[in-house]
Amino acid sequence: MSSVKDWTASVIKQAEIDKYLDGGKDFIDEEQIFADIEKHKNPDKQQVRDILQKSLDIKILTPAETATLLNVEDPELLHEMQEAALAVKKKVYDNRIVFFAPLYLSNLCVNSCKYCGFRAENKDEVRHVLTMDEVRDEVAAVIDEGHKRMIAVYGEHPKNGADYIADSISTIYSVKRTTPTGNGFNNIRRVNVNAAPMEIADMKKLWRAGIGTFQVFQETYHRGRYAELHPANTVKGNYRWRLYAMHRAMEAGVDDVAIGALFGLYDWKFEVMGLVHHAWDLEKHFGIGPHTVSFPRMQPAPGSFLSEHSPYIVSDEAMKRVVAVLRLAIPYSGLIVTARENPVLKRELINHYGCTQTDASSKLGIGAYAKKLKQEENPDKVQFMLGDQRSLDEVIRELANDGMITSFCTAGYRCGRTGDKIMNLLEKGVEGKFCKLNAVLTFREYLNDYASPETREVGEKLIARELQEIESMPFFTDKKLLPTFRSYYDRIARGERDLYM
Ligand code: SAM
Ligand code: SF4
């Protein structure tokens, strides 16, 4: 390909968008969304309670039902909504919190999104694509923190297209590190990817390289606002290419897909409705919704005026409602809160509103893990500023003190429990049972290999409670899972690693 311009012009395959349109229309009907939000203002108490009951039965809500919940203002009902959201989380995910680390591999980007430090116009950004040797160094540093799951993040550029992404996935999986205690090894067992939307043939390359979840955020579901923020002559300027990225991923065989919106670009209620419509359209075409949903909130980004002055900045209170409504509306999906958020809000969203995944010890600078750079030390290589820079050990300890068990479980996709299979199991509450066992096994590994003495002290009490619960649950006895679990637990305590159910 002769130039970046030629490459840009060749990315979008119109036929791969058109096949999913319905009578030439995509699934975001703005008028309908505004009408739904307007129509369900001042909802009736009983109606709200009926909707909460539907969520508690782990059923996806309709857009009209979601609009009803978005319009709740009555403090008593808001409280009931929060309690129901937490009950849904408990039913599907119990007291588990999954940790991952983000790894930024390239800040080269052909696009110019107005909120992002990587945008092509930002000439102060120092650009770099990690070589495979540098990827290995970064991954080694992440593994040495105790991580076992990673999300690899890339700008959009021909130098870091699908072949580079596939190579880097394989490289990440290839790194093995001896644990600090000399007890076996640790490695990254699941690599998720956040990258630009791709054509189906490229998605297949990532699938062959062993991608876990493919994640793309729509940024905003509102077409007009989308056009204002993403110049039309860029790849990202094509709203529908992005809107159907997950449909193409599913068609390529990647059945764990992750959707999200960047909160702060447009009205938050509209974005929640957009996410729910997205989940429904995936269900319609593939019989399953998103594996996870994200609601990143816009943070200050180097050289971006918009990131701090958007008229749609979302308050902490509104973020709590976003999470509660999403938890209720798409009850089977994981909800991700990232280190973009400050520690206080992050903890609340996990403990009281039903978030199920988070990151810690995160570094966004290209090459920042191996060099142990704090974000203040390389502001010219970061995409935006983090609200929480605490270590994995610190965050695990805080949540363990709150009764949340850390899980690094990656068994699901390695045992074929992905896509519709995992969704069915989650809806029936069965997958959660396997996850409970795997959470204990992976937490045991972490406590043995990486935990500080303070974290170990809290962790041992928590794991003892979990073991007691497991021993008393009829499900495990009925399914004859206990002997295998007990033997895995003992083998891990003696130094074996990566045993899962
Ligand atoms: N370049 C790819 C893309 O745009 O899809 C993937 C990587 S991009 C680095 C990942 C996500 O970061 C974007 O989808 C956007 O939602 C988020 N992001 C960009 N600027 C941000 C900011 N200022 N604060 C918080 N999140 C931001
Ligand atoms: Fe590039 Fe993604 Fe940043 Fe947009 S959000 S400028 S596409 S890295």
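- As annotated in an unreviewed UniProt entry, the protein is [FeFe] hydrogenase H-cluster radical SAM maturase HydG from Butyricimonas faecalis.

1. Observations regarding the nonpolar core
Logical step 1: Phe214, Phe263 and Phe295 are the most contacted members of the largest nonpolar core, which totals 166 residues.
Logical step 2: Looking at which element gives the most residues to this core, the answer is helix 15 (residues 316–329), with 9 residues.
Logical step 3: Inspection of this core shows a minimum of three residues originating in each of domain 1 (4–24 + 88–416) and domain 2 (428–494).
Logical step 4: Among all residues touching Phe263, those that are not within four sequence positions of it are Trp268, Glu271, Val272, Leu275, Phe295, Pro296, Arg297, Met298, Val314, Met319 and Val322.

2. With respect to the confidence of the model for the protein
When pLDDT is low, close inspection of the predicted coordinates is not appropriate.
Logical step 1: The share of residues in the protein with pLDDT of 70 or more is 96%, and the mean pLDDT across the chain is 93.
Logical step 2: Interface predicted TM-score (ipTM) for the complex: 0.99; the corresponding pTM is 0.96.

3. Thoughts on the side chain of His40
Logical step 1: In this fold, His40 is placed in the loop between helix 3 (30–39) and helix 4 (45–56).
Logical step 2: Taking relative accessible area as the criterion, His40 reaches 13% and is therefore assigned buried.
Logical step 3: In terms of polar contacts, His40 uses its side chain to reach the backbone carbonyl oxygen of Asp36, at 2.8 Å.
Logical step 4: Not counting chain neighbours up to four residues away, the residues in contact with His40 comprise Gln47, Ala64, Ala67, Thr68 and Asn71.

4. Remarks on the packing of aromatic side chains
Logical step 1: Evaluated as defined, the whole model comprises 13 aromatic pairs.
Logical step 2: With a centroid separation of 5.5 Å and an interplanar angle of 85°, the aromatic rings of Phe27 and Tyr244 are classed as edge-to-face. Taken together, the positions of Phe27 in the loop between helix 2 (14–18) and helix 3 and Tyr244 in the loop between helix 11 (239–243) and helix 12 (245–251) put the pair 217 residues apart, joining distant regions of the chain.
Logical step 3: With relative accessibility at 10%, the residue Phe27 sits in the buried group.
Logical step 4: Judged by centre distance (5.9 Å) and plane angle (80°), the ring pair of Tyr104 and Phe118 falls under edge-to-face. A residue pair is termed long-range when its members are at least 10 positions apart, and Tyr104 in strand 1 (residues 96–106) and Phe118 in the loop between strand 1 and helix 7 (132–143) qualify at 14 residues.
Logical step 5: Over the aromatic face of Trp241 sits the side chain of Arg248, whose NZ or CZ is 3.5 Å from the ring centroid.

5. Quick look at the site of ligand 1
Logical step 1: As a matter of local geometry, ligand 1 sits amid 20 residues, with Tyr115, Glu219, Lys236, Arg242 and Gln383 nearest to it.
Logical step 2: Contact between ligand 1 and Tyr115: a nitrogen atom at 2.9 Å from a main-chain N or O atom of the residue.
Logical step 3: In this structure, a nitrogen atom belonging to ligand 1 sits 3.0 Å away from a side-chain N or O atom of Arg340.
Logical step 4: Calculation on ligand 1 without its partners gives an accessible area of 560 Å², and the protein chains cover 96% of this total.

Cut-off values and rules
- Residues numbered from 1 in each chain as written.
- Chains lettered and ligands numbered in written order.
- Predicted model: local features only at pLDDT ≥ 70, side-chain atom pairs only at ≥ 80, totals over all residues.
- Heavy atoms only, no water.
- Core = buried A, V, L, I, M, F, W, Y, C linked by side-chain atoms within 4.5 Å.
- Buried < 20%, exposed > 50% of the residue type's maximum accessible area, 1.4 Å probe, protein only.
- Helix = DSSP H or I, 4+ residues; strand = E, 2+ residues; numbered from the N terminus.
- Domains from an automatic or database assignment.
- Contact = heavy atoms within 4.5 Å.
- pLDDT = per-residue confidence, 0-100.
- Polar contact = N/O pair within 3.5 Å; in protein donor to acceptor, adjacent residues only side chain to side chain.
- Phe/Tyr/Trp six-rings, centres within 6.5 Å; stacked < 30°, edge-to-face > 60°.
- Lys NZ or Arg CZ within 6 Å of the ring centre and 35° of its normal.
- Near = heavy atom within 4 Å.
- Areas by Shrake-Rupley, 256 points an atom, 1.4 Å probe, with all protein chains shown as cover.

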